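So you can see what is in the structure, the chains are spelled out below.
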Amino acid sequence: MPADAVPAGPNPGSPVVVSGGPGELVLFWGGFPTLGAGAGWLLATVVDRLAGWSWVPAQDLLELVASLPEPQVTVGALAVGALAGLVLAGIATWERLVVTVAPDRVTLRHRGEEQELSRATVRAVFRDRRQLVLLGPVDEELFRESCDLGARRLREAFLAHGYPWLAEDPHRDRYRRWVPGLPDLPPGADALLRAREDALKHDRGDDARELRRELAALGLVVREESTRQYFRRTRAE
């Protein structure tokens, strides 16, 4: 185990759930629609003025809305704003990360999917900037996703059941910057990295995740900073 690991003895206690909790859901489903409705009301009060400013985009739409009678404009703006807030709440709920740490497994629920990892396969856990990372037996990444959960709460949850929690990525110095045509990559890796670069540039997150999995099958671990990609190899079995 690396020197920066924090050891902890196994605990046979019940699973520990780390999430934003009920308060987060209240914020999503109560706060977002309320804020959306407020923004809609504000827009309804100034739509006449906006329609008179030629530099504001969507002038035809603004003029159409400004021509409608009251209270239809205000009611419609409130409804549209609240609906937009509900949509945002649904997206936020779908994307929220819920981590359940038990003595024998870790369950990660994120983006509508649930991933379960056996304790025997989890070699180490750490935060890399704003991402949660779980490493496997040959230092492959079993999980890497954006995470807004508090580092202290995550650390305590994993240590409570004996998982090695690291202060930072133990392989940070092994990453190399990828550039097109770089030699010594596994066959097919360069093409996948090119495709992933394009996905990152165009904010196609699902494609980038899928391509990360394909690169992992070739023995490469990939991380990015903006659209710049860095890679390292996993250890041989």
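For clarity, every value in this text was computed on a predicted model and none was experimentally measured. (Residues numbered from 1 in each chain as written. Predicted model: local features only at pLDDT ≥ 70, side-chain atom pairs only at ≥ 80, totals over all residues. Heavy atoms only, no water.)

**Q** Where do I start with helix α1 (residues 21-51) in this structure?
**A** For the α-helix, the turn length of 3.6 residues means that residues three or four positions removed from each other point alike. When the terminal C-alpha atoms of α1 are compared, their 43 Å separation across 31 residues agrees well with the 45 Å that a helix rising 1.5 Å per residue should span. The largest bend along α1 reaches roughly 45° and is located at T45. Turning to α1, its buried residues number three or more, namely G21, F28, G31, P33, G36, A37, G40, A44, V47, L50 and A51. (Helix = DSSP H or I, 4+ residues; strand = E, 2+ residues; numbered from the N terminus. Expected span 1.5 Å × (residues − 1). Bend = angle between axes of the 7 residues up to and from the residue. Buried < 20%, exposed > 50% of the residue type's maximum accessible area, 1.4 Å probe, protein only.)

**Q** Help me understand unusual backbone geometry, please; the structure alone is not making it clear to me.
**A** One non-glycine residue with positive phi stands out, namely D184, at about 70°. The topology assignment puts D184 in the loop between β10 (176-177) and α5 (189-201). Its relative accessible area of 63% is what places D184 among the exposed residues. The backbone of S226 shows a phi angle near 60°, a positive value even though the residue is not glycine. Counting through the fold element by element, S226 comes out in the loop between β11 (220-225) and β12 (228-233).

**Q** So what exactly am I meant to see when it comes to the pattern of salt bridges here?
**A** Between side chains of opposite charge, a pair can form as their charged atoms come close. In the structure shown here, the tally under the stated rule is 23 salt bridges. A salt bridge links E141 to R144; the nearest nitrogen and oxygen atoms lie 2.8 Å apart. In this structure R144 comes out as buried when scored by relative accessible area, which is 7%. When the shortest N-O distance is used, the salt bridge between R209 and E145 registers 3.0 Å. Of this pair, R209 sits in helix α6 (residues 205-217) while E145 is found in strand β8 (residues 141-146), placing the two residues 64 residues apart along the sequence. The partly exposed category is assigned to R209, whose relative accessible area is 23%. Linked through salt bridges whose partners overlap, the residues forming this network are D128, R129, E141, R144, R172, R196, R212, R223, E224, E225 and R228. (Salt bridge = Lys/Arg side-chain N within 4 Å of Asp/Glu carboxyl O.)

**Q** Which parts of the structure should I look at to understand the pairing of strand β4 (residues 105-110)?
**A** Here four bridges tie strand β3 (residues 98-101) to β4, and the two strands are oriented antiparallel to one another. Among the inter-strand pairings, V98 is bridged to a residue of β4, identified as R109. For β4 and strand β5 (residues 113-118), the ladder comprises six bridges, and the chain directions are antiparallel. Looking at the pairing, R105 lines up with S118 of β5. Where β4 hands over to β5, the hairpin turn is made up of two residues, of which R111 adopts a positive phi near 55°. (Pairing = 2+ DSSP bridges.)

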